[in-house]
Structures are given as structure tokens and as C-alpha cells.
Amino acid sequence: MLFRSPIHVVDSHTQGEPTRVVVSGGPDLGTGPIEERLERFRSEFDPIRSGIVCEPRGSEVVVGALLLEPVQSDSSAAVIFFNDVGYLGMCGHGTIGVLTTLAYLGRMEVGLHKIETPVGIVRATLHEDQSVTVENVPSYRLRSNVTVAVPNYGSFTGDIAWGGNWFFLVSNPPCALTLGNRAELLASSIAIRNALESQGIAGAGGASIDHIEFFSEPQDARNSARNFVLCPGASFDRSPCGTGTSAKMACLYDEGRLQPGACWRQEGILGTVFEGSIRAGAGGEVEPSIRGRAWVTAESKLLFAEDDPFLAGIKF
């Protein structure tokens, strides 16, 4: 049996988007680089991933975070992020959730911390007010003004950018970015993602573009823009999306529209906000920072019975 029941988890939400941190009882991935342990998770223990985050114990919107022993002695933690359909290189809202969870457990103090992820080391600061600033991986715009023909929708033009995940960023959404339009926003963003794949439009090295991000003017004039982000699978980000905000700021910097140190207030579909800024990096990259807040919502044990037909979750 792959599962070691029970699995101890702590749930939180970051500006509305859930994170489920696996504190103990998760798969034994051994030692070594985080990217190698991710591949071990994927190839040998994938039913545990789906059992943790999929129904009936979770839902399509839950992002899991498996805590690991870090490789470097000066790192505070290492983590692999995952969701209902697979694995994430990096997760901004999830990193905020991880620091908040570790503080709740008494395992992290206010200050700067290094967090190891499969795509690199992320620096994150837990502030006195319990907000968290995440210094994300270097981000950049790969291609601008890419047009894709989408069956039943016409054409969409956007940018391809990296912010820890691959994004296609579109500034002409098919409808207003409101919760009332979420069905149309989901359908159209999924159609765009499918069209990108079928037409061979990809990230660096042929990487799949698994996040679609729509932008519009904000509803709150204090903010810089509003977004809707399709995550891998068929769910949308309830938060303003940390990696998506990083990708957007990289595009703005490339256009000369965002200067280093300036504040970018990214409004999400729920009206919650991440505060972002950048430092100029090498080769046109930027070093983005995102600040937000998470709240712990539950601490529980997930149980797995061997004769449960949905031991590994319900997969749609």
C-alpha cells in the first residue's frame, strides 16, 4: 500500500486560494535534489498526490504542498507543489501558505527564509503583520504579440512569459472579469490552452503553456489591473496568482511600462490584491517580489482505507 494513513495536513487560503500543506505521513521521496524527488513523486507515488487534493478529500481548486527536508543547510524548508492534475514548478500563493502554516505550527519565525522548490530557491519574508513577501524565481517574457486562432472564439493575441510556470497573457478577454462570467471565462481560456497546444505554440524548450491569464482594468481604482487565471486542469485561481503576477510584471518591464521598485497592485477575480515589484536581472529577466496574506483554516488528518474505491481520489 502506497498510503501511510493518516496524513497530517494544514489548510489555509491565500487571498481566497486554498493551500493544503502535507506536514507528515506523505510519501518517502528519499534525499537528493528537489527536482529529482519531484520525478520520484510523479513516477512512484502519484496516487498519493490525487488522493490528497482530489475529491472526496479535496477539490479541483486545492493546491497541495509537500514539505521536504531541504538540501542546503541554510534553507528553512523545501516543498513540492501539486494540484488535481499534476505538479507545479512554483506557486506564489502556495509559498505564502507554506510560511503561514509553518508559523502556525511554531516552526518558523518572523524574518527572511530560503525555500527550495523544483525550479530553484525562493526567498520569502514573514513579516510582523503575518503577511509574506515572496521573492520569486527570475521571470521573463519569451515572445510578445503571439496570435492564436481559437475554434468558436476567433483569434486572441497575447504574450508568452515565465513566472515560475508558463503563461499566455491576454489583454482582450472575451467578457468582463467577474465571478458571474466564470463559466465563459473558464470555457474560453481552456479553448485557448487547447489551441496553443494543437498549434505547437509553447514555452522555452517546447514546454507546455498550462496557465492562461486574462487582464482588464481593475474594479478598484487603487489597483493596477484585474486578472483571471486558468490553472492546470479546469479550475481558476481565486487569488491574484503569484507566478502570474510575476509573468505580467516581466512583460511590463520588457515594454518599459514598469520600472524597478515601482509597486504593481494585482487585483484577482475575487477583488483581493497582491502587491508586486521587480528588480532588474540579467539578460532581460526580472527578479519579482509578491506580497500577500494567508489564513489557516483547518488542521486535520486524511484517512485512507485500503478498500476505499476512491483511495486515490476521484479523477474527472
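In case you missed it, the structure is sitting above this.
Residues numbered from 1 in each chain as written. Predicted model: local features only at pLDDT ≥ 70, side-chain atom pairs only at ≥ 80, totals over all residues. Heavy atoms only, no water.

J.: Any chance you could explain the layout of surface pockets here in plain terms?
T.: A probe matching the size of a water molecule, rolled over the atoms, marks out where space remains unfilled. Computed from the structure, the largest pocket encloses a volume of approximately 380 Å³. Forming the walls of the largest pocket are 21 residues, and the residues nearest its centre are Val23, Leu67, Leu68, Glu69 and Arg107. At the level of secondary structure, the elements contributing two or more residues to the lining of the largest pocket comprise strand E2 (17–24) and strand E3 (63–68). Taken as a whole, the second largest pocket spans an internal volume of roughly 210 Å³. As for the second largest pocket, its lining consists of 13 residues, and the residues nearest its centre are Cys54, Asp84, Ile314, Lys315 and Phe316. (1 Å grid on protein atoms, 1.4 Å probe; cavity = no way out; pocket = protein on both sides within 12 Å on 5 of 7 lines; lining within 4 Å. Points joined across faces, edges and corners; volume = space filled by probe spheres on them. Helix = DSSP H or I, 4+ residues; strand = E, 2+ residues; numbered from the N terminus.)

J.: Sorry, what's going on with the packing of aromatic side chains here?
T.: Two aromatic rings are characterised by how far apart their centres lie and by the angle between their planes. Applying the stated rule across the entire model yields 8 aromatic pairs. Ring geometry for Phe3 and Phe304: centres 4.6 Å apart, planes at 25 degrees, overall stacked. You can see Phe3 sitting in the segment before strand E1 (7–14) and its partner Phe304 sitting in the segment after strand E16 (286–302), a full 301 residues away along the chain. The burial state of Phe3 is the same as that of Phe304; both residues are buried. Both rings, one in Phe41 and one in Tyr87, keep their centres 5.2 Å apart while their planes meet at 65 degrees; by these two values the pair is edge-to-face. Pair noted here: Phe41 is in helix H1 (residues 34–44) and Tyr87 is in strand E5 (residues 87–88), with a separation of 46 residues, a long-range link. Note on Phe41: relative accessible area 0%, which makes it buried. (Phe/Tyr/Trp six-rings, centres within 6.5 Å; stacked < 30°, edge-to-face > 60°. Buried < 20%, exposed > 50% of the residue type's maximum accessible area, 1.4 Å probe, protein only.)

J.: What is the right way to read unusual backbone geometry from this model?
T.: Generally, phi is negative for residues other than glycine and the peptide bonds are trans, each holding for most cases. The omega torsion of the bond from Ser5 to Pro6 falls at 0 degrees, within 30 degrees of zero and hence cis. Assignment of secondary structure puts Pro6 in the segment before E1. Between Glu55 and Pro56 the backbone carries a cis peptide bond, its omega angle lying at 10 degrees. Phi angles above zero are rare outside glycine, and Asn145 is one such case at about 50 degrees. Relative to the assigned elements, Asn145 resides in strand E9 (residues 140–150).

J.: Just checking my understanding: could you explain the nonpolar core for this structure?
T.: If you look at the biggest cluster of nonpolar residues, it comprises 67 residues, and the most contacted ones within it are Phe81, Val98, Val148, Phe168, Ile192, Leu196 and Phe228. If one sorts the elements of this core by residue count, helix H4 (residues 182–198) sits on top with 6 residues. Once residues lying within four places of it in the same chain are set aside, the contact partners of Val148 are Gly154, Ser155, Phe156, Phe168, Ile192, Ala195, Leu196, Gln199 and Ile201. Residues Val9, Leu38, Phe82 and Ala312 belong to the second largest nonpolar core, which totals 24 residues. (Core = buried A, V, L, I, M, F, W, Y, C linked by side-chain atoms within 4.5 Å. Contact = heavy atoms within 4.5 Å.)

J.: Could you clarify how one ought to interpret the pairing of E9 in this entry?
T.: Here is the key point about a regular strand: its side chains alternate between the two faces of the sheet. Pairing analysis gives 8 bridges linking E9 to strand E10 (residues 154–162), with the strands arranged antiparallel. Bridging from a neighbouring strand, Val148 pairs with Phe156 of E10. Between the antiparallel neighbours E9 and E10 lie 3 residues, among them Asn152 with a positive phi of about 75 degrees. (Pairing = 2+ DSSP bridges.)

J.: I keep staring at empty space enclosed by the protein and nothing clicks. Help me out?
T.: Applying the stated rule across the entire model yields 2 cavities of 30 Å³ or more. A volume near 130 Å³ is recorded for the largest cavity. Taken together, 19 residues form the lining of the largest cavity, with Leu88, Cys91, His211, Cys231 and Asp237 sitting closest to its centre. When its residues are assigned to classes, the lining of the largest cavity shows 7 nonpolar, 9 polar and 3 charged. Considering the residues around the second largest cavity, the lining is formed by Met90, Gly92, Ile96, Val134, Asn136, Gly242 and Ile290. For the lining of the second largest cavity, a count of residues per class yields 4 nonpolar, 3 polar and no charged. (Nonpolar A, V, L, I, M, F, W, Y, C, P; charged D, E, K, R; others polar.)

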